[in-house]
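Architecture and fold: a report
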Amino acid sequence: MSRIGRMPIAIPAGVTVDIAENNKVTVKGPKGTLMRVLPSEMEIKVEGAEVLVNRPNDLKKMKSLHGLTRTLVNNMVIGVTQGYEKKLEVNGVGYRASKAGKKLTLNLGYSHPVEMDDPEGIETTVEVQNGQSVIIVKGIDKEKVGQFAAEIRDKRRPEPYKGKGIKYADETIRRKVGKTGKK
């Protein structure tokens, strides 16, 4: 059995999980509502204050879907109770981030500022910590938070020589030694 797929998902107080036909799972909680259609082969059922995921047989595809389905439901439950957040740091001289309304403006050394609008269900905030901008992406859907954070990072990825660019707060950049002059 899948070690992850077998584990029951505890439903905290204030959270409701509904399973409609074709495995359409709806999770309602204090932070909002998430809905997702999961693989129809998996058997998802609510027993008391737990969600259980079972697979019909031991085919390789079913084994791989088992753990995935359980993790997706668990991420929905965590999302509506605690939410998710990713922190991005803007490193570099003159590189800045600012926020006006729902518009995130990034000055990244291009001839023009890069503007991005917050997608539905995602909130970004900009803080300045010891002289450098920190962008915080928050939301209840783990997938959307990660995707939008990746899109922001793609506007100017960190380069290996000086470390300039946008990086995740927990990311380490493998630095390279620059070229040296002849003697």
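Not measured: the values here are computed from a predicted model. For every chain, the first residue of the written sequence is number 1, and numbering continues from 1 along that sequence. Local features in this predicted model are restricted to residues whose pLDDT is 70 or higher, and side-chain atom pairs enter the listing and the counts only when it is 80 or higher, whereas totals over whole chains, interfaces and linings include all residues. For side-chain calculations, the full set of non-hydrogen atoms in the structure is used, while hydrogens and water are omitted.

1. A short note on the side chain of Arg 55
The condition that has to hold: Helical segments are the DSSP runs of H or I of at least four residues, strand segments are the runs of E of at least two, and each set is numbered from the N terminus. Two N or O atoms form a polar contact when they lie within 3.5 Å of each other; inside protein one atom must be a possible hydrogen donor and the other a possible acceptor, and for residues adjacent in sequence the pair counts only when both atoms belong to side chains.
Along the chain, Arg 55 turns up in the loop between β6 (50–54) and α2 (60–81). In terms of polar contacts, Arg 55 uses its side chain to reach the side chain of Asp 58, at 3.1 Å. Within polar-contact distance, the side chain of Arg 55 engages the side chain of His 66 at 3.2 Å.

2. Details of the confidence of the model for the chain
How we decide: Each residue carries a pLDDT value, the predictor's own confidence for that position, ranging from 0 to 100.
Summing up the model confidence of the chain, the mean pLDDT is 91 and the portion of residues at 70 or higher is 98%. Confidence, expressed as mean pLDDT per element, reaches its minimum in the chain at helix α1 (residues 3–6) with 86 and its maximum at helix α3 (residues 142–154) with 95.

3. Some points on the sheet that holds strand β12 (residues 132–139)
Applied cut-off: Paired strands, in this sense, are two strands between which DSSP finds at least two bridges. Angles shown run from 0 to 180 degrees and are taken between the N-to-C directions of axes, each axis being a line fitted to C-alpha atoms and, for helices, limited to the stretch in contact. Throughout, a contact is declared for two residues whenever any of their heavy atoms are within 4.5 Å.
Spatially, β11-β12-β7-β13 is the arrangement adopted by the four strands of the open sheet, whose pairing is antiparallel. With one partner strand each, in any of the chains shown, β11 (122–129) and β13 (165–168) form the two edges of the open sheet. Geometrically, the sheet is characterised by an average inter-axis angle of 25° between neighbouring strands, direction not taken into account. As judged from the eight bridges shared by β11 and β12, these two strands associate in the antiparallel manner. Its bridge partner being in β12, Glu 127 is matched across the sheet by Val 134. Running over the sheet, α3 touches β7 (84–91), β11, β12 and β13 and is turned about 5° from β7.

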